[in-house]
Amino acid sequence: MRRVKSDFSIKNLENISGIKAHTIRVWEKRYELRSPERTDTNIRRYSLGSLRKLLNITLLYKKGFKISKIANLESKNIPLLVRDIALENNSENISINALKLAMVNFDVIMFDTKYKTLLENYDFEFVFFKIFVPLMTELGILWQTGAICPSHEHFITSLIKQKIHVQTEKIQNKKQIHKSTPKFVIFLPDNEIHELSALFLNYLVLNKGFQTVFLGQSMPIESLTTLLSQNDKLHFLTYITSQPRKEGILKFIKSFDENIIKGQENKLSIFGPAVKFIKSEQVPENIYIHHNHVTFIEQFLSEPIFI
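Keep in mind it's a predicted model, so treat the numbers as computed, not measured.

Undergrad: It is not clear to me how the nonpolar core should be interpreted in this structure. Could you clarify?
TA: Nonpolar side chains in soluble globular proteins generally cluster together in the buried interior. Counting 70 residues, the largest nonpolar core has Phe132, Ile156 and Ile164 as its most contacted members. In terms of nonpolar packing, the next biggest core, distinct from the first, is built from 23 residues, Leu234, Ile253, Ile278 and Ile289 among them.

Rendered as structure tokens:
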């Protein structure tokens, strides 16, 4: 089992903070902001405390503070100043940095407080697309490069899932549920477990007034055939991040078409990073490839037809 990462290279610090390694070295030498430990071969290594301090400095620096002024601040006052700025300022970059700081500290209160201030100024769709999506994209890269460990990524993911569940429940409680057509079925392919975007799709469709059936992660195609007995027009939505792999995507599409769509009035919309491997001429009729949510909303989420 991997422990929480507590030892970082200067390249890790560059990737997480966005500050170039050369600049970090200059700040260390000129302003004595933080002296790294060194290995027997004289390679810089940084502690979790060093990363926290650099993230604090980065937030202040991006807010317009001169590095010379930051260097003159008392160390104990920097986190307090950062927290005040992070929670009051709702710009996208500052907000993302604040949530990264919450991640490094496993600070639920800071995450929730920042989230609440964002919702006071923006709707949930804005927060998801402009704050959460860029944050998770960046964290995915950091995880792949070893700059953060799974516990950091899982911490943030679980908090964002909580927010989506809460917003979804608000819609379900607020809006009267009507039987509308089509009914949207949201699922992830077999062995696909990255369900954050699928959860948001469920929220998005419900918020537009349509019925949904949310099935979640890792659903084999043969398991979906049970829905065909309902005599409803079904529009299936799926999000492909890692499964099926590139070489298996067209096989998945062909199997879905043969088992779920042919002879029916059903549709399938595919989202996710893997859609870049699919050409429109490769997909059968009634299967749609979406590179973003805008085209999907414009094409399929007009006013629902109540029956």
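Picking up after the structure, the text goes on.
Undergrad: Could you clarify how one ought to interpret the sheet that holds strand S5 (residues 183-189) in this entry?
TA: Strands belonging to one sheet form pairs held by backbone hydrogen bonds; the direction of such a pair is parallel or antiparallel. Here we have five strands laid out as an open sheet, ordered S6-S5-S7-S8-S9, and parallel in their pairing. The outermost strands of the open sheet, each flanked by one partner alone, are strand S6 (212-219) and strand S9 (287-289). Along the sheet, successive strands turn relative to each other by an average axial angle of 20°, direction set aside. Relative to S6, S5 runs parallel, the two being bridged by five bridges. Bridging from a neighbouring strand, Phe187 pairs with Gly216 of S6. Helix H10 (residues 196-207) rests against S5, S6, strand S7 (234-239) and strand S8 (267-271) of the sheet, and its axis sits at about 170° to S6. Relative to the sheet, helix H13 (residues 293-300) contacts S5, S7, S8 and S9, its axis offset from that of S8 by approximately 160°.

Undergrad: Help me out: how do you make sense of the packing of aromatic side chains in this one?
TA: The description of two aromatic rings rests on the distance between their centres and on the angle between their planes. Summed over the entire model, instances satisfying the criterion amount to 21 aromatic pairs. Look at Phe187 and Phe236: their rings are 6.2 Å apart centre to centre, the planes differ by 80°, and that puts the pair in the edge-to-face class. With a gap of 49 residues between them, Phe187 in strand S5 and Phe236 in strand S7 connect regions that are remote in the sequence. In this structure, Phe187 and Phe236 share a single accessibility class: buried. Ring centres of Phe296 and Phe300 lie 5.9 Å apart, and the angle between their planes is 45°; on these two criteria the pair is classed as tilted. Here Phe296 and its partner Phe300 are both found in helix H13, four residues apart, which amounts to about one turn of the helix. Residue classification places Phe296 among the buried positions, given a relative accessible area of 0%. Residue classification places Phe300 among the buried residues on the basis of a relative accessible area of 13%.

Undergrad: Looking at this structure, how should I read the pattern of salt bridges?
TA: Two side chains of opposite charge can pair, provided their charged atoms sit close to one another. The tally for this structure, following the rule as stated, stands at six salt bridges. For the salt bridge of Glu74 with Lys76, the shortest nitrogen-to-oxygen distance reads 4.0 Å.

Undergrad: I'm lost on helix H2 (residues 21-31) in this one. Help?
TA: Along an α-helix, a turn takes 3.6 residues, which lines up residues three or four apart on a common side. Taken together, the buried positions of H2 are Ala21, Ile24, Trp27 and Glu28. Down the axis of H2, the sector holding all buried residues measures 120°, keeping them to one side. Pointing more than 90 degrees away from the buried face of H2 are the exposed residues His22, Lys29 and Arg30. Those residues of H2 that are buried are in contact with helix H1 (10-17), strand S3 (44-47), helix H3 (48-62) and helix H4 (67-72). Positive backbone phi, approximately 50°, marks Glu32, located one or two places after H2.

Undergrad: What should I look at first to understand unusual backbone geometry in this one?
TA: Glycine aside, residues mostly have negative phi angles, and peptide bonds mostly take the trans form. Here Gln243 and Pro244 are connected by a cis peptide whose omega angle stands at -5°. By secondary structure assignment, the location of Pro244 is in the loop between S7 and helix H12 (249-261). A positive phi angle is found at Ser218, which is not glycine, with a value near 50°. For Ser218, the location among the structural elements is in strand S6. A residue is classified by how much of its surface remains accessible, and Ser218, at 25% relative accessible area, is partly exposed.

What counts as what
- Residues numbered from 1 in each chain as written.
- Predicted model: local features only at pLDDT ≥ 70, side-chain atom pairs only at ≥ 80, totals over all residues.
- Heavy atoms only, no water.
- Core = buried A, V, L, I, M, F, W, Y, C linked by side-chain atoms within 4.5 Å.
- Buried < 20%, exposed > 50% of the residue type's maximum accessible area, 1.4 Å probe, protein only.
- Pairing = 2+ DSSP bridges.
- Helix = DSSP H or I, 4+ residues; strand = E, 2+ residues; numbered from the N terminus.
- Axes fitted to C-alpha atoms, helices over the stretch in contact; angles between N-to-C directions.
- Contact = heavy atoms within 4.5 Å.
- Phe/Tyr/Trp six-rings, centres within 6.5 Å; stacked < 30°, edge-to-face > 60°.
- Salt bridge = Lys/Arg side-chain N within 4 Å of Asp/Glu carboxyl O.
- Arc of directions from axis to C-beta.

Don't take any of this as a statement about function, it's just geometry.
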